[in-house]
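Results of the structural survey
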Amino acid sequence: MSRIAYVNGRYLPFRQAMVHIEDRGYQFSDGVYEVCLVQDGHLVDERLHMARLTRSLRELQIRWPVTPSALAVIMREVVARERLRDGVIYVQITRGVATRNHPFPPASVKPALVVNARPHDLAAGDRAAAEGIAVVTMPDIRWQRVDIKTVSLVANVLAKEAAHQAGADEAWLVDRDGYITEGSSTNAWIVTPDGVLLTRRVGDGILRGVTREVLVGILRRDGIRFEERSFTVAEALEAREAFITSAGNLVMPVVRIDGRPVANGHPGQLSLMLRGLFLDGAEHSSLRFSPGSPNMSD
Ligand code: PLP
């Protein structure tokens, strides 16, 4: 089946899906994005992803290229045209196409919108979770506005590549004081030796992960002990369990940190239980978008 992508108002065959060389996303990484899981044809936690996109656009002073309702329709159309069951959908908005010059272009320049989707094997994720993954720690060299989901990801790219070259799956980034901030494309969690779940506070050098947020809701609902506070590499090495969260990974157990096993080197019970609970706690969108639907209330 042939793939398609939405590019600035048109659904195009994948091979023809191109952006201009003077798109400011390409020139300056002047843009934002979202990645949303699709399960059984439904967008997972769309409302929270759209809320974060709204905030990212506001922080960078980029206008909506289409209304949020129109974007909701476009996303469903891309999923439908791709006949996607399980996958991820990618939304990117840049400040548009203009002659290369650092200041914002004139208001007449329309922001650019790209939406595309691809299959994502959820069963393969479950198999990986049964084994667990390895992470390595390294300095967090990113800029100070990592709370904005911008396409400026070169520091994250370097970190992930360094992790892969070290034989690991993810990099855990460490701030100047020795505390882990987050992964290169995931949030970081540990369970202390006395059983308390820890993850770093929002507003303190991390991206507000949607998966993180939904999981926090599940922890509160189920009365599972957790604290939002920073933890050091030393605490991570002493942890009873560790895991990462992201839309694509859901809850993924970490079994090695810097080459050393986490506890007995097997995925932790709590991590696996939370993985099991996650999709039940997540919000699945309706297939058709209707304005005012509860999924899009903010
Ligand atoms: N932290 C970073 C740096 C990320 O890039 C991501 C996802 O791309 C996350 C955390 C997890 O966010 P989410 O759960 O919304 O996928």
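From a predicted model like this one, the values you see are computed outputs, not experimental measurements. (Residues numbered from 1 in each chain as written. Predicted model: local features only at pLDDT ≥ 70, side-chain atom pairs only at ≥ 80, totals over all residues. Heavy atoms only, no water.)

Around the ligand sit 19 residues in total, of which Arg52, Lys149, Glu182, Val210 and Thr211 are the nearest. Residue Thr211 places a side-chain N or O atom 2.6 Å away from an oxygen atom belonging to the ligand. Expressed as a share of its isolated accessible area of 390 Å², the protein-covered part of the ligand is 93%. Under a 2 Å grid-point criterion requiring more than half of the atoms, the pocket assigned to the ligand is the largest pocket. Breaking the shell around the ligand down by element, the ones donating at least two residues are helix H2 (46-60), strand E9 (179-183), helix H6 (210-222) and strand E14 (241-246). (Near = heavy atom within 4 Å. Polar contact = N/O pair within 3.5 Å; in protein donor to acceptor, adjacent residues only side chain to side chain. Areas by Shrake-Rupley, 256 points an atom, 1.4 Å probe, with all protein chains shown as cover. 1 Å grid on protein atoms, 1.4 Å probe; cavity = no way out; pocket = protein on both sides within 12 Å on 5 of 7 lines; lining within 4 Å. Sits in = over half its atoms within 2 Å of the grid points. Helix = DSSP H or I, 4+ residues; strand = E, 2+ residues; numbered from the N terminus.)

Another point: the confidence of the model for the chain. It should be kept in mind that the predicted coordinates are not to be read in detail where pLDDT is low. Of the residues in the chain, 97% reach a pLDDT of 70 or more, and the chain-wide mean stands at 95. A low-confidence stretch, residues 294-298 stays under pLDDT 50, and its non-local contacts, those more than four residues away or across chains, total 15 contacts. (pLDDT = per-residue confidence, 0-100. Contact = heavy atoms within 4.5 Å.)

Here we come to helix H4 (residues 122-131). In an α-helix, one turn spans 3.6 residues, which is why side chains three or four residues apart end up on the same side. Those residues of H4 lying buried are Leu122, Gly125 and Ala129. The buried residues of H4 occupy one face: seen down the axis, they fall within an arc of 50°. With respect to the buried face of H4, the exposed residues turned more than 90 degrees away are Arg127, Ala130 and Glu131. Where H4 is buried, its residues touch strand E3 (31-39), strand E15 (250-257) and helix H8 (269-281). A side-chain oxygen of the first residue of H4 lies 3.1 Å from the backbone nitrogen of Ala123; this N-cap is Asp121. Where H4 ends, the next residue or the one after it, Gly132, has phi of about 90°, a positive value. (Buried < 20%, exposed > 50% of the residue type's maximum accessible area, 1.4 Å probe, protein only. Arc of directions from axis to C-beta.)

Take the packing of aromatic side chains next. Each aromatic ring pair is described using two quantities: the centre-to-centre distance and the angle formed by the ring planes. Taken as a whole and judged by the stated rule, the model has 4 aromatic pairs. Between the NZ or CZ atom of Arg81 and the centre of the ring of Tyr11, over which it lies, the distance is 4.0 Å. It is Arg95 that lies over the ring of Phe104; its NZ or CZ is 3.6 Å from the centre. (Phe/Tyr/Trp six-rings, centres within 6.5 Å; stacked < 30°, edge-to-face > 60°. Lys NZ or Arg CZ within 6 Å of the ring centre and 35° of its normal.)

Among the structural elements, Thr150 can be located in the loop between strand E7 (133-139) and helix H5 (154-165). In this structure the side chain of Thr150 is engaged in a polar contact, spanning 3.0 Å, whose partner is the backbone nitrogen of Ser152. In contact with Thr150, not counting residues within four places along its chain, are Gly31, Val32, Tyr33, Leu60 and Trp143.

What follows deals with the pattern of salt bridges. A complete count under the given rule lists 24 salt bridges for this structure. Between Glu283 and Arg47 there is a salt bridge whose closest N-O contact spans 3.3 Å. Separated by 236 residues along the polypeptide, Glu283 in the segment after H8 and Arg47 in helix H2 bring together distant segments of the chain. Measuring nitrogen to oxygen at the nearest pair gives 2.5 Å for the salt bridge that ties Glu228 to Arg212. Here Arg212 lies in helix H6 and Glu228 lies in strand E12 (residues 226-228), a separation of 16 residues in the sequence. (Salt bridge = Lys/Arg side-chain N within 4 Å of Asp/Glu carboxyl O.)

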